[in-house]
Amino acid sequence: MSWGTELWDQFDNLEKHTQWGIDILEKYIKFVKERTEIELSYAKQLRNLSKKYQPKKNSKEEEEYKYTSCKAFISTLNEMNDYAGQHEVISENMASQIIVDLARYVQELKQERKLNFHDGRKAQQHIESCWKQLESSKRRFERDCKEADRAQQYFEKMDADINVTKADVEKARQQAQIRHQMAEDSKADYSSILQKFNHEQHEYYHTHIPNIFQKIQEMEERRIVRIGDSMKTYAEVDRQVIPIIGKCLDGIVKAAESIDQKNDSQLVIEAYKSGFEPPGDIEFEDYSQPMKRTVSDNSLSNSRGEGKPDLKFGGKSKGKLWPFIKKNKGATPEDFSNLPPEQRRKKLQQKVDELNKEIQKEMDQRDAITKMKDVYLKNPQMGDPASLDHKLAEVSQNIEKLRLETQKFEAWLAEVEGRLPARSEQMRRQSGLYDSQNPPAVNNCAQDRESSPDGSYTEEQSQESEVKVLATDFDDEFDDEEPLPAIGTCKALYTFEGQNEGTISVVEGETLYVIEEDKGDGWTRIRRNEDEEGYVPTSYVEVYLDKNAKDS
């Protein structure tokens, strides 16, 4: 099977077919290129999806991801991120192993095709030239034969005419001979050119064209093989990432299997356990005794508070018999005394851990400065050792301050941990200690007069009714004191010295977080960091609320 023998007369069709083959190759390249773009777009969307559902740092959402189900979700997001990476690998490999390779091959193929068909046209032009030469020689031979025949006939006519002179006859004879010689020369030339043309034609159809068409056939077959190899590579690129994609999916399954519902239930207990014991039985209160008194005494008794508790007791506080903690409207107490015992212990432990980390950081810095000072002492040209004394003293002071701070929180922690098992009366009332320091606030009065879990009261019996009335005003404000999320930022326009309880000092130009807008009282609640928050006059700051906060 050879195009040179089977398709010797199909030069134009072969030219069209090979051009079609190159078009097919370029179409396949375009197909693979679009596939790589789809893979990249898919990978980008997967990464964006994974990023969108990642918990935000330093937010309440991040704290929720301590549960195993949430951790499994985070693992799923991370695996999806790796999964997206494999689609990027597919795109990169297809681009480098198929698109770039085939694009270069197409250029080589076009050049080779151009040369082959150039040689074919050149051979065509040569055989056509030989054919024209043969035709010209043939026509000349034909013309000379006719001229010789006419010259012979004229000579014979002149020779037969008795009236023609001998000189004219001789002249006609010589002319006839010349024409005959020219015809013989044309015959010989025609015969030579004919033989040459037949040889050239044989070479053209049996050597030149078969060779050229064979090269074109081989070129076309290489193109077909190349596109087949590219299709195999296309599949192999996909196949190479299947094991890694499988590992990603196995990671998701493993994360799902790591979910522990019992552990999550325990975490809920740790997150919300107050540390209080359930209240004891309520003692019977005999209201029939006042009936034995005089009308005036009964009225006086009611005016002093006996009727008032009944009114309130039947209100919203009915059925709520455990100690309540008022939500702190100002800054959080330093010792977290506004929290239930268990939550307070957790907060104090967290604070101790943070302080220990800061101490370690300062100690590392001190060690680094000390080493640098030793280097300066050994090599004075590198620096003055005395220049580091101030920094060293400052770091040492910071360490001492942090240690004192740690000891303070450790003392509070030891106090809480020592009292938690005993569930002492003082611990049950600790939430009111901080608020009782603010007498002007009416709400705080209830905190020193809350009922104990066993149903008895910590104040004298004569104050019992008043305790109930005030406590019920705030019984719905029990809270774990989770930090409020920031709803925007603000810039201090002036310096403010926050000397009163619940306020916070700011310096002009300082940027802080807004956690509560001005409610119409002229104060805005702000936060400097996790442990520093309070109120400042609204006129002292310029507030920039987040868009989401405005919409809500």
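Residues numbered from 1 in each chain as written. Predicted model: local features only at pLDDT ≥ 70, side-chain atom pairs only at ≥ 80, totals over all residues. Heavy atoms only, no water.

Caption draft 1: Examining the pairing of strand 3 (residues 523-527) more closely. Across the five residues of strand 3, four count as buried, placing the element largely inside the fold. As defined by bridge partners, strand 2 (residues 511-516) adjoins strand 3 across three bridges and the pair is classed as antiparallel. From the neighbouring strand, Val514 faces strand 3, where its bridge partner is Ile526. Where strand 2 hands over to strand 3, the hairpin turn is made up of six residues, of which Gly520 adopts a positive phi near 105 degrees. Summarising the sheet, strand 3 and strand 4 (residues 533-537) pair through five bridges and their orientation is antiparallel. Residue pairing across strands places Thr524 opposite Val536, the latter belonging to strand 4. What sits between the antiparallel neighbours strand 3 and strand 4 is a turn of five residues. (Buried < 20%, exposed > 50% of the residue type's maximum accessible area, 1.4 Å probe, protein only. Helix = DSSP H or I, 4+ residues; strand = E, 2+ residues; numbered from the N terminus. Pairing = 2+ DSSP bridges.)

Caption draft 2: Region of the structure containing the nonpolar core. Grouped together as the largest cluster of nonpolar side chains are 41 residues, with contacts concentrated most on Leu25, Tyr28, Val32, Met94, Ile98, Phe213 and Ile216. Among the elements that take part in this core, helix 4 (residues 68-160) stands out by supplying 16 residues, more than any other. Formed by eleven residues, the second largest nonpolar core is a distinct cluster that contains Phe336, Leu348, Val352 and Ile359. (Core = buried A, V, L, I, M, F, W, Y, C linked by side-chain atoms within 4.5 Å.)

Caption draft 3: Focus on the packing of aromatic side chains. According to the stated counting rule, one finds 13 aromatic pairs in the structure shown. For the ring pair Tyr204 and Tyr205, a centre distance of 4.7 Å and an interplane angle of 80 degrees mean the geometry is edge-to-face. Taking relative accessible area as the criterion, Tyr205 reaches 30% and is therefore assigned partly exposed. An aromatic cluster of three or more residues is present, and its members are Tyr494, Phe496, Trp523 and Tyr540. Above the face of the Tyr105 ring, Arg226 is positioned so that its terminal group lies 4.4 Å from the ring centre. (Phe/Tyr/Trp six-rings, centres within 6.5 Å; stacked < 30°, edge-to-face > 60°. Lys NZ or Arg CZ within 6 Å of the ring centre and 35° of its normal.)

Caption draft 4: Spotlight on the sheet that holds strand 5 (residues 541-545). The five strands are arranged 4-3-2-1-5 in an open sheet whose pairing can be described as antiparallel. Of all the strands in the sheet, just strand 4 and strand 5 have a single pairing partner and so form its edges. For this sheet, the mean angle separating the axes of adjacent strands, direction not counted, is 40 degrees. (Axes fitted to C-alpha atoms, helices over the stretch in contact; angles between N-to-C directions.)

Caption draft 5: Representation of the environment of Gly275. Note that Gly275 resides in the loop between helix 6 (261-272) and helix 7 (295-313). A sequence separation of 68 residues divides Gly275 from Gln343, and the C-alpha atoms of the two residues are 7.8 Å apart.

Caption draft 6: Structural detail: helix 5 (residues 166-257). Between its first and last C-alpha, helix 5 extends 133 Å over 92 residues, near the 136 Å set by a 1.5 Å rise per residue. In helix 5, a bend of some 45 degrees at Tyr204 exceeds every other bend along the element. (Expected span 1.5 Å × (residues − 1). Bend = angle between axes of the 7 residues up to and from the residue.)

Caption draft 7: Region of the structure containing the pairing of strand 2. Bridging between strand 1 (residues 488-492) and strand 2 involves four bridges; their strand directions are antiparallel. Bridge pairing links Thr489 to Tyr513 in strand 2.

Caption draft 8: Up close: a nonpolar patch on the surface. Nonpolar side chains collect at one region of the surface, where Leu49, Tyr53 and Phe73 lie side by side and expose about 270 Å² of accessible area between them. In this fold, Tyr53 is placed in the loop between helix 2 (11-52) and helix 3 (60-64). On the basis of relative accessibility, which here comes to 39%, the residue Tyr53 falls in the partly exposed class. (Patch = residues over 30% accessible without salt bridge, like charges linked within 9 Å, V, L, I, M, F, W, Y side chains within 5 Å. Areas by Shrake-Rupley, 256 points an atom, 1.4 Å probe, with all protein chains shown as cover. Salt bridge = Lys/Arg side-chain N within 4 Å of Asp/Glu carboxyl O.)

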